[in-house]
Amino acid sequence: MALQGPIPISFELLFPYGCYVVGEVTAAKDFDAKRDTQAKDKVTGLPVWQVPVMDADPSLKAAQKTVTVKILAEVQPVVPPSLPGVPLAPAEFEGLEVKPYVHQATGRLAYSISARVMRAPRSGAGKSSAAAKDAA
């Protein structure tokens, strides 16, 4: 099979309605290490950070809305500014990849999402043409 390892994906395809950071950026734990250490990406060697993100897709069920995005970066990423009067920070990610795996507790297919960069959205970005039509 030609497809091996993580699958690259665009922000617009993964989050067509955009997304919002809903928590702190924290160091991802290395569960294979004997001590409490930060995980490092096996390919790049970069430290792994994680941030909870809420998908703005209105068709998702509540349990599907929040996902964790892992960010591979030498220094801790900074959450973009939040919206005025709201504790949500719109964000975009670059260098997105998904890694399918089988969730051990449920036996179901799940996905790990990783990115290289987190930033404030560019104006008009994050909305697909379908989302733009819905808003009109």
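Described in the following lines is the structure provided in the data block. Please read all numbers here as calculations on a predicted model, not as lab measurements. (Residues numbered from 1 in each chain as written. Predicted model: local features only at pLDDT ≥ 70, side-chain atom pairs only at ≥ 80, totals over all residues. Heavy atoms only, no water.)

### Details of the side chain of Asp55
And then number 1: Tracing the chain through its elements places Asp55 in strand E4 (residues 48–55).
And then number 2: The charged side chain of Asp55 is buried without a salt bridge, its nearest counter-charge being Lys65 at 6.0 Å.
And then number 3: A polar contact is formed between the side chain of Asp55 and the backbone nitrogen of Asp57, at a distance of 3.0 Å.
And then number 4: For Asp55, the contacting residues outside a window of four places in its chain are Leu14, Phe15, Gly18, Cys19, Leu60 and Lys65. (Helix = DSSP H or I, 4+ residues; strand = E, 2+ residues; numbered from the N terminus. Buried < 20%, exposed > 50% of the residue type's maximum accessible area, 1.4 Å probe, protein only. Lys, Arg positive; Asp, Glu negative; His and termini not counted. Salt bridge = Lys/Arg side-chain N within 4 Å of Asp/Glu carboxyl O. Polar contact = N/O pair within 3.5 Å; in protein donor to acceptor, adjacent residues only side chain to side chain. Contact = heavy atoms within 4.5 Å.)

### Observations regarding the side chain of Glu92
And then number 1: Its place among the elements puts Glu92 in strand E6 (residues 89–94).
And then number 2: Polar side-chain contacts of Glu92 include one of 2.6 Å to the side chain of Arg119.
And then number 3: Side-chain polar atoms of Glu92 contact the side chain of Arg122, separated by 3.4 Å.

### A word on the environment of Val117
And then number 1: Here Val117 shows up in strand E9 (residues 117–119).
And then number 2: A relative accessible area of 33% means that Val117 is categorised as partly exposed.
And then number 3: Placed 21 residues apart in sequence, Val117 and Leu96 show a C-alpha to C-alpha distance of 8.5 Å.

### What about the environment of Val78?
And then number 1: With respect to the helices, strands and loops of the structure, Val78 is situated in the loop between strand E5 (66–72) and E6.
And then number 2: Residue classification places Val78 among the exposed residues on the basis of a relative accessible area of 67%.
And then number 3: Measuring from C-alpha to C-alpha, the distance between Val78 and Val25 comes to 7.4 Å, with 53 residues separating the pair along the chain.

### Side note on the pattern of salt bridges
And then number 1: Here the structure, examined in full by the defined rule, presents 4 salt bridges.
And then number 2: As a salt-bridge pair, Glu94 and Arg119 come within 2.0 Å of each other at their nearest N and O atoms. Within this pair, whereas Glu94 is found in strand E6, its partner Arg119 is found in strand E9, the two being separated by 25 residues in sequence.
And then number 3: On the basis of relative accessibility, which here comes to 19%, the residue Arg119 falls in the buried class.
And then number 4: Three or more residues are tied together by salt bridges with common partners; here these are Glu92, Glu94, Arg119 and Arg122.

### Quick word on the nonpolar core
And then number 1: Judged by nonpolar contacts, the single largest core of 20 residues is most densely connected at Val51, Val53, Val69, Ile71, Phe93, Leu96 and Met118.
And then number 2: Excluding its chain neighbours within four sequence positions, the residues that come into contact with Leu96 are Ile7, Pro8, Ile9, Ser10, Phe11, Leu14, Ile113, Ser114 and Ala115.
And then number 3: Ala28, Ala39, Leu46 and Leu72 belong to the second-largest nonpolar core, a separate cluster that totals 5 residues. (Core = buried A, V, L, I, M, F, W, Y, C linked by side-chain atoms within 4.5 Å.)

### Details of the pairing of E6
And then number 1: With respect to burial, E6 is a largely interior element, 5 of its 6 residues being buried.
And then number 2: Note: strand E2 (residues 19–21) against E6, 3 bridges, orientation antiparallel. Across the sheet, residue Cys19 finds its bridge partner in E6, namely Ala91.
And then number 3: Pairing between E6 and E9: 3 bridges, direction antiparallel. Bridged to Glu92 within E9 is Arg119. (Pairing = 2+ DSSP bridges.)

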